[in-house]
Amino acid sequence: APALPPGVVVVTGAARGIGRAIAELYAERGHRVLGVDLTLPPALRGHPRVRADVSTAAGRERITRLAREEGGVAVLVNNAAFQGAPGSVLEVSERGWSRTLGVNLTAPLLLTRALIDLMAPGSAVVNVASVQGLFAEQNNAAYNASKGGLVNLTRAMSLDLAPRGVRVNAVAPGAIATESVLAAIAASGDPEQTRRDYEDLHALRRLGEPREVAQVIYFLGSPEASFLTGVILPVDGGMTASFMMAGRPV
Ligand code: NAD
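In every chain, residue numbers begin from 1 and rise along the written sequence. With the structure being a predicted model, the display of local features is reserved for residues of pLDDT at least 70 and the display and counting of side-chain atom pairs for 80 or more, all residues being used for whole-chain, interface and lining totals. Water and hydrogen atoms were dropped before computing side-chain values, which therefore reflect all heavy atoms in the structure.

Asker: Explain the overall build of the protein to me, please; I cannot follow it from the model alone.
Answerer: Elements are defined by DSSP. Helices are runs of H or I of four residues or more, strands are runs of E of two residues or more, and each kind is numbered from the N terminus. On a plain count of helices and strands, the protein comes out with 7 helices and 7 strands. Along the protein, helices and strands appear, N-terminal first, in the series β-α-β-β-α-β-α-β-α-β-α-α-α-β. On C-alpha atoms alone, the protein measures out to a radius of gyration of 18 Å, which is about the 18 Å that the 2.2 N^0.38 rule sets for 250 residues. Expressed along its principal axes, the backbone C-alpha trace of the protein runs to roughly 50 × 40 × 35 Å. Only protein chains enter the calculation, and the probe is 1.4 Å; a residue is then buried if its accessible area is under 20% of its type maximum, exposed if over 50%, and partly exposed in between. Split into buried and exposed, the 250 residues of the protein put 49% on the buried side. Only the protein chains shown count as covering a residue, and every accessible area follows the Shrake-Rupley method with a 1.4 Å probe. Just so you have it, the protein exposes about 12,100 Å², and 55% of that area is on carbon and sulfur atoms. The reference for a compact globule is 2.2 Å times residues^0.38; the radius of gyration itself is calculated from the C-alpha atoms.

Asker: Any chance you could explain a positive patch on the surface here in plain terms?
Answerer: On the surface, Arg51, Arg62, Arg65 and Arg68 cluster together to form a positively charged patch. The leading source of residues in the positive patch is helix H2 (residues 57-69), at 3 residues. Positionally, arginine 68 belongs in helix H2. For arginine 68, a relative accessible area of 52% corresponds to the exposed category. The patch calculation keeps residues exceeding 30% relative accessible area without a salt bridge and links them within 9 Å when they carry like charges or within 5 Å when they are nonpolar (Val, Leu, Ile, Met, Phe, Trp, Tyr). Salt bridge, as used here: a side-chain nitrogen of Lys or Arg that lies within 4 Å of a carboxyl oxygen of Asp or Glu. Two residue types count as positive, namely Lys and Arg, and two as negative, namely Asp and Glu; His and chain ends fall outside the count. All charge positions are set by atom: Lys at NZ, Arg at CZ, Asp at CG, Glu at CD.

Asker: It is not clear to me how the side chain of serine 158 should be interpreted in this structure. Could you clarify?
Answerer: The topology assignment puts serine 158 in helix H4 (residues 141-161). In this structure serine 158 comes out as buried when scored by relative accessible area, which is 5%. The contact definition used throughout considers only heavy atoms, calling two residues in contact when any of these lie within 4.5 Å. Setting aside residues up to four positions removed in sequence, serine 158 forms contacts with Val168, Thr229 and Gly230.

Asker: Hey, could you run me through the sheet that holds strand E2 (residues 33-37) in this one?
Answerer: Each strand in a sheet pairs with another by means of backbone hydrogen bonds, the pair being arranged parallel or else antiparallel. A pair of strands is labelled paired if DSSP reports no fewer than 2 bridges between them. Strand order in the open sheet made by the 7 strands is E3-E2-E1-E4-E5-E6-E7, with parallel pairing throughout. The open sheet terminates on both sides in strands that have one partner only, identified here as strand E3 (49-51) and strand E7 (232-235). Strand after strand, the sheet turns through a mean of 20° between neighbouring axes, direction not considered. Bridging between strand E1 (residues 8-12) and strand E4 (residues 73-78) involves 4 bridges; their strand directions are parallel. Think of each axis as a best-fit line through the C-alpha atoms, taken over the contacting stretch in the case of a helix, with angles from 0 to 180 degrees between the N-to-C directions.

Asker: For this particular structure, what's the right way to read the packing of aromatic side chains?
Answerer: Only the six-membered ring of Trp is used, alongside the rings of Phe and Tyr, when aromatic pairs are assigned; centres must lie within 6.5 Å, and planes under 30 degrees apart are stacked while those over 60 apart are edge-to-face, with the rest tilted. In total, this model carries 1 aromatic pair according to the counting rule given. By the criterion adopted, a ring carries a charge over it if an Arg CZ or a Lys NZ lies within 6 Å of its centre and within 35 degrees of its normal. Positioned over the ring face of tyrosine 218 is arginine 29, at 4.6 Å from the centre of the ring. Arginine 99 extends its terminal NZ or CZ atom over the ring of phenylalanine 82, reaching a point 5.8 Å from the ring centre.

Asker: Explain the site of the ligand here, please?
Answerer: We define proximity as follows: a residue is near a molecule or strand when any one of its heavy atoms falls within 4 Å of that partner. The immediate surroundings of the ligand are formed by 28 residues, with Asp37, Asp53, Asn79, Tyr143 and Ile176 found nearest. One of the backbone N or O atoms of valine 54 is found 3.0 Å from a nitrogen atom in the ligand. In protein, a polar contact means a hydrogen-donor-capable atom and an acceptor-capable atom, both N or O and within 3.5 Å, with residues adjacent in sequence counting only if both atoms are side-chain atoms; elsewhere, any N or O pair within 3.5 Å suffices. For the ligand, an oxygen atom lies 2.7 Å from a polar atom in the backbone of asparagine 79. Here the ligand has 830 Å² of accessible area as a free molecule, and 94% of this is covered by the chains. Looking at the shell around the ligand, the elements with two or more residues in it are helix H1 (17-28), helix H3 (94-115), H4 and helix H5 (179-187). Under the convention adopted here, Pro, Cys and the residues Ala, Val, Leu, Ile, Met, Phe, Trp and Tyr are nonpolar, Asp, Glu, Lys and Arg are charged, and Gly plus all remaining residues are polar. When grouped by side-chain class, the residues that make up the shell around the ligand number 15 nonpolar, 8 polar and 5 charged.

Asker: Where do I start with the nonpolar core in this structure?
Answerer: Grouped burial of nonpolar side chains is what soluble globular proteins tend to show. Buried residues of nine kinds, namely Ala, Val, Leu, Ile, Met, Phe, Trp, Tyr and Cys, make up a nonpolar core once their side-chain atoms join them within 4.5 Å. Formed by 33 residues in total, the largest nonpolar core has its most connected members in Val10, Ile63 and Leu115. Within the residue set of this core, elements represented by two or more residues are E1, E2, H2, E4, H3, H4 and strand E6 (167-173). If sequence neighbours within four positions are ignored, valine 10 has contacts with Leu34, Val36, Ile63, Val73, Val75, Leu76, Val77 and Leu115. Formed by 24 residues, the second largest nonpolar core is a distinct cluster that contains Val128, Val213, Ala214 and Leu220.

Asker: How should I be thinking about the environment of leucine 109 in this particular structure?
Answerer: Secondary-structure assignment places leucine 109 in helix H3. It is 31 Å that separates the C-alpha atoms of leucine 109 and leucine 201, two residues lying 92 residues apart in sequence.

In C-alpha cells form, the structure reads like this:
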C-alpha cells in the first residue's frame, strides 16, 4: 500500500475522548503524532505534544513551528471542540456563541491555512463534525451552527485545496462513549434510562467507541481513500439512516 506523505499527524484536542483515541491509533500504527490540547496531552512514547489553544494565533503559531521541525504535516485532524455553551436560539449568550464558533469552525479554517504550506500532495485534512452538523438538537444552537458550518466548510476546503493535491473530508459521529458523554449520563437524574435513551438513537442500539471513530478518520486520512474528498461520513451506528429514533417514532 502507498505510504502517507512525509511529516507528522497533527491531532487537535488530543488530551482525551475521541482525539486521544485518534492519537493512540496513529501512534500504534507507526505514525509520528503531534498531539495538541489546551492542557498538555498525555505522553505517547517519544511523540511530540504541545499545549496550544487552536482558536488563538499564538497557539496556531506554536503548532506550526513544531510541525515544521517535524518535516511537515501528513494528516491534520481538526478534532478539538468547545461544547460549553448550550442553550436555545433565544438563550445562548453572545460570548458562548463566539467561543463555540471560534473553536469549532474558525479554528479549523485558520489552522489548516497555517499548516497548508507544510502539506505535500497526498496529504489530508479530516474535520470532526457531528450528527448535530447534519440535523439540529433542541437547546444547542451554537454547537449545531458550528458543526453545520464545519460540514460545509469541509466541502469548500475540498474544492479549494484540491489543486494542491490535499484531500479534505469529515466524520459526523453519533453519541460516542467518551469521558464527557459518560459523565453527562452519570450526572443525569436517571443514568440507566438516559444511557438507554442515547443508545436508542442509533439503529445499532449502543453508543459508539472513540476508537470506532478513530478508525474511520484513519481511513479518510490514508491513501486508501485517495479518491475521496469533500465527503461527510456519518459514524453514527445508523442514527441518520432513519427519521425515527431507532425502532420507535419520535
Ligand atoms: P472532549 O470534550 O472530551 O474533548 C475535546 C478536547 O478538545 C478536550 O481535551 C479539550 O481540552 C480540547 N479542546 C477544546 N478546545 C480547545 C482549543 N481551543 N484548543 C485546543 N484544544 C481544545 O470531546 P470529544 O467528545 O472527545 O469530542 C471530540 C470531537 O468529536 C469534537 O469535535 C466533538 O464535537 C465531536 N463529537 C463528539 C461526539 C461525542 O459523542 N463525544 C459526538 C459527535 C461529535
